[in-house]
Amino acid sequence: MIRFTVVTITYNAEAVLRRTLQSVMRQSYEGVEHLIIDGASTDGTLAMAQNYKTESDASDSSHKVIIQSEPDQGIYDAMNKGLTQASGDYIVYMNAGDFFPNDDTLEQIAHRCQLNQTPTDELPAVLYGNTDIVDSEGRYLHPRRLQPPEQLTWRSFRQGMLVCHQAFYARTDIAKNLQYDTRYRHSADVDWCIRVMREGERMGLQLCNTHMVIACYTEEGNTTRYHRASLRERYLVMARHYGHLQTFLLHCWFVVRAVIKK
C-alpha cells in the first residue's frame, strides 16, 4: 500500500488553514501522514492545528498528524524540516489555504499509480496532475493556466513550471537527498522539482500522469505576492538547469507570444 506524507507549512494562517485541515482529514485513503510545520505563529493557527490533531487522534482514522512549531528561516527552510521528517512513500506540499478537490483524491492517485505498474516495476519517481485555482475563500476560479504535458520530463520546465508544486508528488526516498536550496527565496520549488525529475530519469524511473485534478491552489500565494522577484529567480533557476543561451531565447519567445495573444 502506497503511503502519502502531506506537509502543510503555516505561519499566522488562521484565516485559511481550516479548509486545508478538513480536506486532509476527509481523505478516504488510509495511508496518510500529515506534518504541520508552523513557524511559531502568534495568532490562532497553532491552537487550530492542535485541535485538528486531537480530533484526528480520537477518530477511527488511520491518519497520523504531527505538529512542529518553531521559528524558521523562511518557507523553504520549513519545507526542508517537513521533508526530513516525512516517512511516506510520496511527499506532497499542501500549504495553508490549499486543498484536495475531492475526498477520494489520494485514493484515486494511488489507484492510478498502481494501474501504471507491473509487479516488477519500481514506484514512479513522481506522480503529477492538474490544478484548479481558487480564491481566498476557497471558491473555484479557473483551471491553472499552465497545464502538465502528457509525458513530463525535467526538460518540460523549460516552458515554465508546467506542474503546480501542490500537484507534484515526489518519491520521498529521492526527495530526502535533494533538499530545497534556501538561497532562493521565491523559486526553490521550481529548482527542487527539476532536480527530483532529473534524479528520477537517472534512476530510470517513470513520471506518472494521473490525468486528473489533484490540487486546488489558492491564488494569493508567495509567488503571486512577490511576482517580479519570483520571475527573476525563475530565470536564474532555468539558466542553471538549461543553460543561459537557451533560457534567454525561450524568454524572448515568451515575450513575443504574450504580445501575439494580445
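Residues numbered from 1 in each chain as written. Predicted model: local features only at pLDDT ≥ 70, side-chain atom pairs only at ≥ 80, totals over all residues. Heavy atoms only, no water.

Caption draft 1: Broad picture of the overall build of the chain. Regarding its fold elements, the chain presents nine helices and eight strands. Over its C-alpha trace the chain gives a radius of gyration of 18 Å, about what one expects of a compact globule, namely 18 Å for 262 residues. The C-alpha extent of the chain, read off along each of the three principal axes, is 55 × 45 × 35 Å. Going through the 262 residues of the chain one by one, you find that 52% of them count as buried. (Helix = DSSP H or I, 4+ residues; strand = E, 2+ residues; numbered from the N terminus. Rg over C-alpha atoms; globule rule 2.2 N^0.38 Å. Buried < 20%, exposed > 50% of the residue type's maximum accessible area, 1.4 Å probe, protein only.)

Caption draft 2: How the structure looks around the pairing of strand S4 (residues 90–93). The alternating pattern of S4 places Tyr90 and Val92 and Ile91 and Tyr93 on opposite faces, both of which are buried. Sheet analysis places strand S1 (residues 4–10) next to S4, joined by four bridges and oriented parallel. If you follow Thr5 over to S4, its bridge partner there is Ile91. Bridge count for S4 against strand S7 (residues 168–171) is two bridges, and the pairing is antiparallel. When the bridges of S7 are listed, Tyr90 appears paired with Arg171. (Pairing = 2+ DSSP bridges.)

Caption draft 3: Fine view of the layout of surface pockets. By volume, the second largest pocket amounts to about 150 Å³. Every element with two or more residues in the lining of the second largest pocket is listed here: helix H1 (14–25) and helix H2 (45–58). Here the lining of the second largest pocket is built from residues that sort into five nonpolar, three polar and two charged. (1 Å grid on protein atoms, 1.4 Å probe; cavity = no way out; pocket = protein on both sides within 12 Å on 5 of 7 lines; lining within 4 Å. Points joined across faces, edges and corners; volume = space filled by probe spheres on them. Nonpolar A, V, L, I, M, F, W, Y, C, P; charged D, E, K, R; others polar.)

Caption draft 4: Spotlight on the packing of aromatic side chains. For the coordinates displayed, the defined rule picks out nine aromatic pairs. Note on Phe4 and Tyr169: the rings are 5.8 Å apart at their centroids and 80° apart in plane angle, and the pair reads as edge-to-face. Taken as a pair, Phe4 in strand S1 and Tyr169 in strand S7 lie far apart in primary sequence, 165 residues in all. Tyr169 shares its class with Phe4; the two are buried. Clustering of aromatic rings is evident, with ring pairs tying together Tyr76, Tyr93, Phe168, Tyr180 and Trp192. Sitting over the face of the ring of Trp154, Arg198 holds its NZ or CZ atom 4.0 Å from the ring centroid. (Phe/Tyr/Trp six-rings, centres within 6.5 Å; stacked < 30°, edge-to-face > 60°. Lys NZ or Arg CZ within 6 Å of the ring centre and 35° of its normal.)

Caption draft 5: Just helix H4 (residues 105–115), in detail. Taken as a whole, H4 has its buried residues at Thr105, Leu106, Ile109, Ala110 and Cys113. For H4, the angular spread of the buried residues around the axis is 135°, confining them to a single face. Those residues of H4 hidden inside the fold are in contact with S1, strand S2 (32–38), S4, strand S5 (126–134), S7 and strand S8 (207–218). (Arc of directions from axis to C-beta. Contact = heavy atoms within 4.5 Å.)

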